[in-house]
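Now for the letters of each chain:
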Amino acid sequence: QVQLVESGGGLVQAGGSLRLSCAASGFTVSTYTMGWFRQAPGKEREFVAAISWSPYYADSVKGRFTISRDNAKNTMYLHMNSLNPEDTAVYYCAATGKFNYYERPHDYEHWGQGTQVTVSS
C-alpha cells in the first residue's frame, strides 16, 4: 500500500528557511516521479517542484527551493529558502508511477495529507 507522510511545516519569518520531508512507503522513490504542490486558501493547487530524471521547478520558486530525495531513507525533501508571505500554503507531496516531467495534479495518483507552511511578514 502506497503511503506518503509529510512533515516539517511550521511558522517562519520572511527570509527564513524550512525543510519539508515526505516519507514514502509501499514503493521506491527512485523509480517514481515525486512532486511537491501547494494550495493557499481560496486558490487552486499549484505545482512547486518535481523530480524524475532530474529536478524541475515552478518559476515562482526557482533559485529559492531545492527538491531532493534520499533513496536509502526512501524520503523526498523540499528545502525552502528566502521564504516570503506568498509562499504560505498547505504543501503536499505526490507520487506517480509514470517516470517523466509532470506539473499537473491529476498526473499524480498518490498524495500525502499536507503540511502547513506559514510565512509571516
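Residues numbered from 1 in each chain as written. Predicted model: local features only at pLDDT ≥ 70, side-chain atom pairs only at ≥ 80, totals over all residues. Heavy atoms only, no water.

1. Regarding the overall build of the protein
A tally of regular secondary structure across the protein gives zero helices and eleven strands. When the helices and strands of the protein are placed in sequence order, the string is β-β-β-β-β-β-β-β-β-β-β. Here the C-alpha atoms of the protein give a radius of gyration of 13 Å, agreeing with the 14 Å that 2.2 N^0.38 yields for 121 residues. Its C-alpha atoms give the protein principal-axis dimensions of roughly 40 × 25 × 25 Å. Sequence-distant contacts in the protein: of pairs separated by 6 or more residues, those separated by 24 or more amount to 61%. Accessible surface, the protein as shown: approximately 6000 Å² in total, 48% of it carbon and sulfur. Looking at charge distribution, the protein has the averaged site of its 10 positive side-chain charges lying 4 Å from that of its 10 negative ones. (Helix = DSSP H or I, 4+ residues; strand = E, 2+ residues; numbered from the N terminus. Rg over C-alpha atoms; globule rule 2.2 N^0.38 Å. Contact = heavy atoms within 4.5 Å. Areas by Shrake-Rupley, 256 points an atom, 1.4 Å probe, with all protein chains shown as cover. Lys, Arg positive; Asp, Glu negative; His and termini not counted. Charge placed at Lys NZ, Arg CZ, Asp CG, Glu CD.)

2. Quick word on the nonpolar core
Counting 36 residues, the largest nonpolar core has Met-34, Trp-36, Leu-78, Met-80 and Tyr-91 as its most contacted members. Listing elements by their share of this core, those giving two or more residues are strand S3 (18–25), strand S4 (33–39), strand S5 (46–51), strand S6 (55–57), strand S7 (65–70), strand S8 (75–80), strand S9 (89–96) and strand S11 (115–120). If we skip the residues at most four places from it in the chain, Tyr-91 touches Glu-6, Leu-20, Phe-37, Arg-38, Val-48, Phe-65, Leu-78, Met-80, Gly-114, Thr-115 and Val-117. (Core = buried A, V, L, I, M, F, W, Y, C linked by side-chain atoms within 4.5 Å. Buried < 20%, exposed > 50% of the residue type's maximum accessible area, 1.4 Å probe, protein only.)

3. Considering the pattern of salt bridges
As a working rule, side chains carrying opposite charge can pair if their charged atoms are close by. A complete count under the given rule lists six salt bridges for this structure. For Arg-104, the salt bridge is made with Asp-107, and the minimal N-O distance between the two is 3.2 Å. Residue Arg-104 is classed as partly exposed on the basis of its relative accessible area, which comes to 48%. A single network of salt bridges, built from pairs that share partners, joins Arg-38, Glu-46, Arg-64 and Asp-87. (Salt bridge = Lys/Arg side-chain N within 4 Å of Asp/Glu carboxyl O.)

4. Some thoughts on the packing of aromatic side chains
Each aromatic ring pair is characterised by the separation of its centres together with the angle its planes make. Applying the stated criterion across every chain yields a total of ten aromatic pairs. Look at Phe-47 and Tyr-56: their rings are 5.7 Å apart centre to centre, the planes differ by 25°, and that puts the pair in the stacked class. The class for Phe-47 is buried, based on a relative accessible area of 9%. We classify Tyr-56 as buried; its relative accessible area is 10%. Both rings, one in Tyr-92 and one in Trp-111, keep their centres 6.4 Å apart while their planes meet at 80°; by these two values the pair is edge-to-face. Here the residue Tyr-92 occupies a position in strand S9, and Trp-111 occupies one in strand S10 (residues 110–111), the gap between them amounting to 19 residues. Looking at Tyr-92, the relative accessible area reads 14%, which means it is buried. (Phe/Tyr/Trp six-rings, centres within 6.5 Å; stacked < 30°, edge-to-face > 60°.)

5. A look at unusual backbone geometry
Phi at Asn-74 is positive, roughly 55°, even though this residue is not glycine. The buried category is assigned to Asn-74, whose relative accessible area is 15%.

6. Description of the side chain of Arg-64
Residue placement: Arg-64 occurs in the loop between S6 and S7. Taking the relative accessible area as the measure of exposure, Arg-64 reaches 15% and is therefore buried. Only 3.0 Å separates the side chain of Arg-64 from the backbone oxygen of Ser-82, close enough to count as a polar contact. Look past the residues within four positions of Arg-64 in its chain and what remains in contact with it is His-79, Met-80, Asn-81, Ser-82, Leu-83, Asn-84 and Asp-87. (Polar contact = N/O pair within 3.5 Å; in protein donor to acceptor, adjacent residues only side chain to side chain.)

7. Overview of the pairing of strand S1 (residues 3–7)
With burial as the criterion, only one face of S1 is covered, namely that bearing Leu-4 and Glu-6; the residues Gln-3, Val-5 and Ser-7 on the opposite face remain uncovered. With five bridges joining them, S1 and S3 adopt antiparallel strand pairing. Of the residues in S3, the one forming a bridge with Leu-4 is Ala-24. (Pairing = 2+ DSSP bridges.)

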